[in-house]
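The primary structure of each chain is shown beneath.
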Amino acid sequence: MAEIIPFRGILYNVSRVSVGDVLAPPYDVITPEYREELYRKSPYNIVRVDFGKEFPEDNEAENKYTRARRYLKKWVDEGILVRSERPMFYAYEMAFSIGREQRKLIGFLGLVKLEELGKGRIHPHECTHSKPKQDRLNLLRACEANTSPIFALYKSLDKKISDLLS
């Protein structure tokens, strides 16, 4: 059985920011034009950390990863982001549409113990690419935080978690 545990997350301080101005979809669905729009929405939009801009003058000491680390640290120092006092799971809901049909996805965030490939109950994504994996690893190392949670599906015949989240 997979080991899933709560953690102390870092969340936006809703008394300091409007949630609608600081959230962004997953980095891999953001177009360059939409990234610009998210940058304009708020100086605290997570896109600055999770999918920052690259510049021609970037180098090893100054680049999208070092800027992401600085943004994250500054926002915590300024109280824009706050760490939970105790470990917990974080419920979320995403609304989206497919054509004219409205859908919603309900889930939760938690820590999952990594297992050796092919062992245990967690199976890898069927198609991953080296460049995005390296990008996410670079961001994780720079920020010492996971700003791009991995979506996973699970099967539950008794639907206890689904009922609890609903």
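What you see is a predicted model, and the numbers here were worked out from it, not measured in a lab. Per chain, residues are indexed from 1 in the order of the written sequence. Predicted model: local features are reported for residues with pLDDT of at least 70 only, side-chain atom pairs are reported and counted for 80 or more only, and whole-chain, interface and lining totals are derived from all residues. Derived side-chain values reflect all non-hydrogen atoms in the structure, with water molecules and hydrogen atoms excluded from consideration.

Participant: Which residues make up the pattern of salt bridges, and what values do they have?
Facilitator: We define a salt bridge as a side-chain nitrogen of Lys or Arg found within 4 Å of a carboxyl oxygen belonging to Asp or Glu. Counting across every chain of the model gives twelve salt bridges. Here Glu62 ties to Arg67 by a salt bridge, and the two come within 3.3 Å at their closest N and O atoms. Burial status follows relative accessibility: with a 1.4 Å probe on protein chains alone, a residue under 20% of its type maximum counts as buried, one over 50% as exposed, and anything between as partly exposed. Taking relative accessible area as the criterion, Glu62 reaches 30% and is therefore assigned partly exposed. Across the pair Glu101 and Arg103 runs a salt bridge, and its minimum N-O distance is 2.9 Å. Take Glu101: its relative accessible area is 42%, and that puts it in the partly exposed class. Three or more residues are tied together by salt bridges with common partners; here these are Asp50, Glu54, Lys64, Asp135 and Arg136.

Participant: Residues and numbers for the nonpolar core, please.
Facilitator: Counting residues in each nonpolar core, the largest one holds 15 residues, and the members touching the most others are Tyr12, Val49, Leu72, Trp75 and Cys143. Working definition: helices are DSSP H or I runs of at least four residues, strands are E runs of at least two. Numbering for both runs from the N terminus. If you list the elements that add at least two residues to this core, you get helix H4 (64-77) and helix H5 (130-143). When residues in this core are grouped by element, the largest group, four residues, is from H4. In contact with Tyr12, not counting residues within four places along its chain, are Val17, Val22, Tyr44, Asn45, Ile46, Trp75, Ile80 and Leu81. Definition of nonpolar core: a set of buried residues of the types Ala, Val, Leu, Ile, Met, Phe, Trp, Tyr and Cys, connected through side-chain atoms within 4.5 Å. With six residues, the next largest nonpolar core counts Ile30, Leu38, Val47 and Phe51 among its residues. Whether two residues are in contact is decided by their heavy atoms, any of which lying within 4.5 Å being enough.

Participant: Residue-level account of the environment of Leu165, with values.
Facilitator: Examined against the element boundaries, Leu165 turns out to sit in helix H6 (residues 160-165). Once the C-alpha coordinates of Leu165 and Lys41 are considered, the two residues, 124 residues apart in sequence, prove to be 30 Å apart. Residue contacts for Leu165: discarding those within four places in its chain leaves Ala91, Ile106, Gly107, Phe108 and Tyr154.

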